[in-house]
Amino acid sequence: MAEQPKIAGKQPIPVAVVAGKTYWWCACGQSKNQPFCDGSHKGTAFEPVSWTAEKSGNAFFCACKRTGKVPLCDGTHNGL
(Lines give C-alpha, C1' and ligand atoms only; values in the text may rest on other atoms or scores of the structure.)
Protein backbone atom coordinates (compact mmCIF):
# COMPACT_ATOMS: atom_id res chain seq x y z
CA MET A 1 0.00 0.00 0.00
CA ALA A 2 1.24 3.49 -0.81
CA GLU A 3 2.50 5.71 1.98
CA GLN A 4 -0.24 7.95 3.42
CA PRO A 5 0.42 11.61 4.21
CA LYS A 6 0.23 12.83 7.80
CA ILE A 7 -3.11 14.46 8.67
CA ALA A 8 -2.13 18.04 9.50
CA GLY A 9 -5.64 19.07 10.55
CA LYS A 10 -9.30 18.20 10.21
CA GLN A 11 -10.54 21.59 9.05
CA PRO A 12 -9.71 23.47 5.84
CA ILE A 13 -7.21 26.33 6.15
CA PRO A 14 -8.55 29.61 4.74
CA VAL A 15 -5.94 31.70 2.92
CA ALA A 16 -6.37 35.11 1.26
CA VAL A 17 -4.90 34.41 -2.18
CA VAL A 18 -3.88 36.78 -4.97
CA ALA A 19 -4.91 36.21 -8.60
CA GLY A 20 -2.02 34.91 -10.69
CA LYS A 21 0.16 33.99 -7.69
CA THR A 22 1.40 30.40 -7.38
CA TYR A 23 1.22 28.62 -4.03
CA TRP A 24 3.00 25.37 -3.07
CA TRP A 25 0.66 23.13 -1.06
CA CYS A 26 2.16 20.64 1.38
CA ALA A 27 1.16 17.13 0.29
CA CYS A 28 3.05 15.21 3.00
CA GLY A 29 1.36 16.79 6.02
CA GLN A 30 4.65 17.37 7.83
CA SER A 31 5.20 21.06 7.06
CA LYS A 32 5.28 23.42 10.04
CA ASN A 33 3.93 26.11 7.66
CA GLN A 34 0.54 24.52 6.81
CA PRO A 35 -1.00 24.49 4.31
CA PHE A 36 2.21 25.32 2.45
CA CYS A 37 5.43 23.40 1.86
CA ASP A 38 8.48 24.07 4.04
CA GLY A 39 10.62 21.25 2.60
CA SER A 40 9.67 18.67 5.26
CA HIS A 41 8.75 16.17 2.51
CA LYS A 42 12.43 15.53 1.72
CA GLY A 43 13.09 11.81 2.08
CA THR A 44 9.40 10.89 1.64
CA ALA A 45 7.39 9.80 -1.40
CA PHE A 46 5.59 13.17 -1.46
CA GLU A 47 6.14 16.34 -3.47
CA PRO A 48 4.47 19.73 -2.96
CA VAL A 49 1.65 20.64 -5.34
CA SER A 50 1.74 23.87 -7.33
CA TRP A 51 -1.54 25.81 -7.49
CA THR A 52 -2.12 29.20 -9.12
CA ALA A 53 -5.03 31.34 -7.96
CA GLU A 54 -7.43 32.26 -10.76
CA LYS A 55 -8.89 35.13 -8.74
CA SER A 56 -8.12 37.00 -5.55
CA GLY A 57 -10.10 36.10 -2.43
CA ASN A 58 -10.25 33.30 0.12
CA ALA A 59 -9.24 29.77 -0.86
CA PHE A 60 -9.79 26.86 1.52
CA PHE A 61 -6.78 24.56 1.41
CA CYS A 62 -7.03 20.94 2.53
CA ALA A 63 -5.28 20.15 5.83
CA CYS A 64 -6.25 16.46 6.10
CA LYS A 65 -4.31 15.70 2.89
CA ARG A 66 -7.04 13.31 1.69
CA THR A 67 -8.99 15.66 -0.62
CA GLY A 68 -9.97 14.57 -4.10
CA LYS A 69 -9.78 18.22 -5.20
CA VAL A 70 -6.05 18.82 -4.53
CA PRO A 71 -5.06 21.23 -3.04
CA LEU A 72 -8.45 22.59 -2.03
CA CYS A 73 -10.79 21.12 0.58
CA ASP A 74 -13.61 18.91 -0.68
CA GLY A 75 -15.03 17.94 2.74
CA THR A 76 -13.20 14.60 3.01
CA HIS A 77 -12.09 15.56 6.55
CA ASN A 78 -15.70 15.09 7.70
CA GLY A 79 -15.31 11.32 7.31
CA LEU A 80 -12.02 10.97 9.18
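In this text, all values refer to a predicted model and were calculated from it rather than measured experimentally.

Moving on, we get to the packing of aromatic side chains. The relation between two aromatic rings is expressed through the spacing of the ring centres and the mutual angle of the planes. Enumeration according to the criterion identifies 5 aromatic pairs in this entry. Judged by centre distance (6.4 Å) and plane angle (55°), the rings of tyrosine 23 and phenylalanine 61 are tilted. Of this pair, tyrosine 23 sits in strand β2 (residues 22-25) while phenylalanine 61 sits in strand β4 (residues 57-61), and the two are 38 residues apart along the sequence. Of the residues examined, tyrosine 23 reaches a relative accessible area of 8% and is grouped as buried. Ring geometry for tryptophan 51 versus phenylalanine 61: centroids 5.3 Å apart, planes at 85°, classification edge-to-face. With tryptophan 51 in strand β3 (residues 49-52) and phenylalanine 61 in strand β4, this pair connects stretches of sequence that are 10 residues apart. Phenylalanine 61 sits in the buried class, given a relative accessible area of 0%.

A few words on the UniProt feature "domain: Iron-binding zinc finger CDGSH type" (unreviewed entry) in the protein chain. The feature "domain: Iron-binding zinc finger CDGSH type" (unreviewed entry), as annotated in UniProt, sits at residues 10-47 and 48-78 in this numbering. Here residues 10-47 runs as 0% helix and 24% strand, with 21 Å between its end C-alpha atoms. Spanning residues 48-78, this segment combines 0% helix with 29% strand, and its end C-alpha atoms are found 23 Å apart.

Moving on to the nonpolar core. Counting residues in hydrophobic clusters, the biggest one holds 13 residues, and the most contacted among them are Val17, Tyr23, Trp51, Ala59 and Phe61. Listing elements by their share of this core, those giving two or more residues are β1 (13-17), β2 and β4. Apart from residues lying up to four places away in sequence, phenylalanine 61 is in contact with Pro12, Ile13, Val15, Val17, Tyr23, Trp25, Pro35, Phe36, Trp51, Pro71, Leu72 and Cys73.

With that settled, consider the environment of tryptophan 25. With respect to the helices and strands, tryptophan 25 occurs in strand β2. The class for tryptophan 25 is buried, based on a relative accessible area of 3%. In the structure, tryptophan 25 is positioned 34 residues away from alanine 59 in sequence and 12 Å away in space, judged by C-alpha atoms. Leave out the neighbours within four places in its chain, and tryptophan 25 touches Pro35, Phe36, Cys37, Pro48, Val49, Phe61, Cys62, Lys65, Val70 and Pro71. Polar contacts involving the side chain of tryptophan 25 include one to the main-chain carbonyl oxygen of cysteine 62, which spans 2.9 Å.

The rules behind the values
- By convention here, each chain's residues receive numbers from 1 onward along its written sequence.
- In view of the model being predicted, local features appear only for residues whose pLDDT reaches at least 70, and side-chain atom pairs are presented and counted only at 80 or more, with totals across whole chains, interfaces and linings using the full set of residues.
- Note: side-chain values were computed over all heavy atoms of the structure, leaving out hydrogens and water.
- Stacked, edge-to-face and tilted labels apply to pairs of Phe, Tyr and Trp rings (six-membered ring for Trp) whose centres lie within 6.5 Å, assigned for plane angles under 30 degrees, over 60, and everything in between, in that order.
- The helix and strand labels rest on DSSP assignments: H or I over at least four residues marks a helix, E over at least two residues marks a strand, and numbering proceeds from the N terminus.
- A 1.4 Å probe rolled over the protein chains alone gives each residue an accessible area, and that area as a share of the maximum for its type sets the label: buried under 20%, exposed over 50%, partly exposed in between.
- UniProt positions are given in the numbering used here, feature names are shortened, and annotations may be inferred rather than shown by experiment.
- Here, nonpolar core means buried Ala, Val, Leu, Ile, Met, Phe, Trp, Tyr and Cys residues that are tied together by side-chain atoms lying within 4.5 Å of each other.
- We call two residues in contact whenever any of their non-hydrogen atoms come within 4.5 Å of each other.
- As used in this structure description, the phrase polar contact means that two N or O atoms lie within 3.5 Å; if the pair is within protein, one of them must be able to donate a hydrogen and the other to accept it, and residues adjacent in sequence are counted only when both atoms belong to side chains.

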